[in-house]
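Geometric and topological summary
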Amino acid sequence: MTQVINISKWKKRLSEFAKIRDWGQFHNPKNLVMAMSVECSELVEHFQWLTSEQSLNMSEEQMEGVKEEMADVLLYMLRLSDVLDVDIEEILEMKFKRNGEKYPAEKARGSMKKYDKL
Ligand SMILES: [Mg+2]
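Values in this document were obtained by computation on a predicted structure and should not be read as measured data. (Residues numbered from 1 in each chain as written. Predicted model: local features only at pLDDT ≥ 70, side-chain atom pairs only at ≥ 80, totals over all residues. Heavy atoms only, no water.)

Coordination of the magnesium ion by the protein comes from E39 (OE), E42 (OE), E69 (OE) and D72 (OD), over a distance range of 2.0 to 2.2 Å. Written as a sequence motif, the donor residues of the magnesium ion are E-x2-E-x26-E-x2-D. Of the two residues, E42 is situated in helix α2 (residues 29–45) and D72 in helix α4 (residues 60–83); the sequence distance between them amounts to 30 residues. (Donors = N, O, S within 2.8 Å, 3.2 Å for Na, K, Ca; no water. Helix = DSSP H or I, 4+ residues; strand = E, 2+ residues; numbered from the N terminus.)

Moving on, we come to the domain arrangement of the protein chain. In terms of domains, the protein chain is made up of domain 1 (7–85) and domain 2 (87–118). Relative to domain 2, the C-alpha centre of domain 1 lies at a distance of 24 Å. (Domains from an automatic or database assignment.)

All right, on to helix α1 (residues 7–20) then. Each α-helix turn comprises 3.6 residues. Residues three or four places apart therefore point the same way. For α1, which comprises 14 residues, the first-to-last C-alpha distance of 20 Å matches the rise-based estimate of 20 Å (1.5 Å per residue) to within 8%. Considered for burial, the residues of α1 that qualify are K11, L14 and A18. In a view along the axis of α1, the buried residues occupy a sector of 65°, so they form one face of it. For α1, the exposed residues set more than 90 degrees away from the buried face come down to S8, K12, K19 and I20. (Expected span 1.5 Å × (residues − 1). Buried < 20%, exposed > 50% of the residue type's maximum accessible area, 1.4 Å probe, protein only. Arc of directions from axis to C-beta.)

So this is what it looks like as C-alpha coordinates:
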(Lines give C-alpha, C1' and ligand atoms only; values in the text may rest on other atoms or scores of the structure.)
Protein backbone atom coordinates (compact mmCIF):
# COMPACT_ATOMS: atom_id res chain seq x y z
CA MET A 1 0.00 0.00 0.00
CA THR A 2 1.30 3.41 -0.96
CA GLN A 3 1.83 5.61 2.09
CA VAL A 4 2.74 8.86 0.37
CA ILE A 5 0.46 10.69 -2.04
CA ASN A 6 2.26 12.70 -4.67
CA ILE A 7 -0.15 15.61 -4.89
CA SER A 8 1.69 17.33 -7.74
CA LYS A 9 1.59 14.14 -9.79
CA TRP A 10 -2.17 13.79 -9.28
CA LYS A 11 -2.82 17.45 -10.09
CA LYS A 12 -0.88 17.00 -13.32
CA ARG A 13 -2.67 13.78 -14.23
CA LEU A 14 -6.05 15.40 -13.61
CA SER A 15 -5.09 18.44 -15.64
CA GLU A 16 -4.02 16.25 -18.58
CA PHE A 17 -7.16 14.11 -18.22
CA ALA A 18 -9.29 17.25 -18.51
CA LYS A 19 -7.16 18.78 -21.26
CA ILE A 20 -7.39 15.89 -23.71
CA ARG A 21 -11.18 15.87 -23.22
CA ASP A 22 -11.43 19.64 -23.57
CA TRP A 23 -13.05 19.78 -20.12
CA GLY A 24 -10.99 22.70 -18.92
CA GLN A 25 -13.77 24.97 -20.12
CA PHE A 26 -16.08 23.38 -17.51
CA HIS A 27 -13.57 23.19 -14.68
CA ASN A 28 -14.09 26.59 -13.10
CA PRO A 29 -14.10 26.69 -9.29
CA LYS A 30 -17.91 26.97 -9.06
CA ASN A 31 -18.50 23.88 -11.19
CA LEU A 32 -15.79 21.90 -9.43
CA VAL A 33 -17.18 22.69 -5.98
CA MET A 34 -20.68 21.77 -7.11
CA ALA A 35 -19.44 18.51 -8.63
CA MET A 36 -17.54 17.71 -5.44
CA SER A 37 -20.67 18.38 -3.40
CA VAL A 38 -22.58 15.90 -5.58
CA GLU A 39 -19.83 13.33 -5.01
CA CYS A 40 -19.99 13.98 -1.24
CA SER A 41 -23.70 13.24 -1.39
CA GLU A 42 -23.03 10.05 -3.32
CA LEU A 43 -20.65 9.05 -0.54
CA VAL A 44 -23.21 9.90 2.13
CA GLU A 45 -25.81 7.82 0.29
CA HIS A 46 -23.83 4.67 1.04
CA PHE A 47 -24.26 5.33 4.77
CA GLN A 48 -27.81 6.61 4.68
CA TRP A 49 -30.09 4.65 7.02
CA LEU A 50 -27.32 2.44 8.36
CA THR A 51 -26.86 2.14 12.09
CA SER A 52 -23.48 3.14 13.53
CA GLU A 53 -22.70 -0.55 13.91
CA GLN A 54 -23.60 -1.31 10.29
CA SER A 55 -21.45 1.59 9.08
CA LEU A 56 -18.49 -0.03 10.83
CA ASN A 57 -19.14 -3.43 9.31
CA MET A 58 -19.79 -2.87 5.64
CA SER A 59 -19.54 -5.66 3.10
CA GLU A 60 -16.81 -5.73 0.47
CA GLU A 61 -19.38 -4.72 -2.10
CA GLN A 62 -20.51 -1.77 0.03
CA MET A 63 -16.90 -0.74 0.61
CA GLU A 64 -16.20 -0.77 -3.13
CA GLY A 65 -18.92 1.83 -3.56
CA VAL A 66 -17.62 3.88 -0.64
CA LYS A 67 -14.07 3.83 -2.00
CA GLU A 68 -15.23 4.93 -5.41
CA GLU A 69 -17.02 7.96 -4.00
CA MET A 70 -14.12 8.80 -1.68
CA ALA A 71 -11.89 8.88 -4.75
CA ASP A 72 -14.35 11.08 -6.62
CA VAL A 73 -14.42 13.60 -3.76
CA LEU A 74 -10.65 13.61 -3.50
CA LEU A 75 -10.12 13.94 -7.24
CA TYR A 76 -12.39 16.97 -7.41
CA MET A 77 -10.63 18.50 -4.40
CA LEU A 78 -7.26 18.02 -6.07
CA ARG A 79 -8.53 19.47 -9.33
CA LEU A 80 -10.00 22.44 -7.43
CA SER A 81 -6.69 23.02 -5.68
CA ASP A 82 -4.95 23.05 -9.05
CA VAL A 83 -7.41 25.45 -10.68
CA LEU A 84 -7.28 27.79 -7.65
CA ASP A 85 -3.50 27.34 -7.29
CA VAL A 86 -3.87 26.31 -3.66
CA ASP A 87 -1.04 24.42 -1.98
CA ILE A 88 -2.70 21.40 -0.34
CA GLU A 89 0.22 20.70 2.02
CA GLU A 90 0.19 24.34 3.14
CA ILE A 91 -3.55 24.44 3.88
CA LEU A 92 -3.42 21.10 5.70
CA GLU A 93 -0.66 22.46 7.95
CA MET A 94 -2.57 25.70 8.49
CA LYS A 95 -5.87 24.01 9.31
CA PHE A 96 -4.32 21.29 11.47
CA LYS A 97 -2.56 23.95 13.55
CA ARG A 98 -5.75 26.02 13.79
CA ASN A 99 -7.79 22.98 14.88
CA GLY A 100 -5.21 22.23 17.56
CA GLU A 101 -5.60 25.75 18.89
CA LYS A 102 -9.40 25.61 18.74
CA TYR A 103 -9.56 22.18 20.35
CA PRO A 104 -6.80 21.95 22.96
CA ALA A 105 -6.60 18.34 24.15
CA GLU A 106 -7.07 19.26 27.82
CA LYS A 107 -10.40 20.92 27.00
CA ALA A 108 -11.64 18.82 24.09
CA ARG A 109 -10.75 15.31 25.28
CA GLY A 110 -13.86 13.12 25.14
CA SER A 111 -16.09 16.06 24.23
CA MET A 112 -18.07 16.60 21.06
CA LYS A 113 -18.75 20.25 21.84
CA LYS A 114 -17.89 22.87 19.25
CA TYR A 115 -14.77 24.89 20.07
CA ASP A 116 -16.75 27.96 21.15
CA LYS A 117 -18.65 25.90 23.71
CA LEU A 118 -15.64 24.24 25.34
MG1 LIG B 1 -19.40 9.37 -7.86
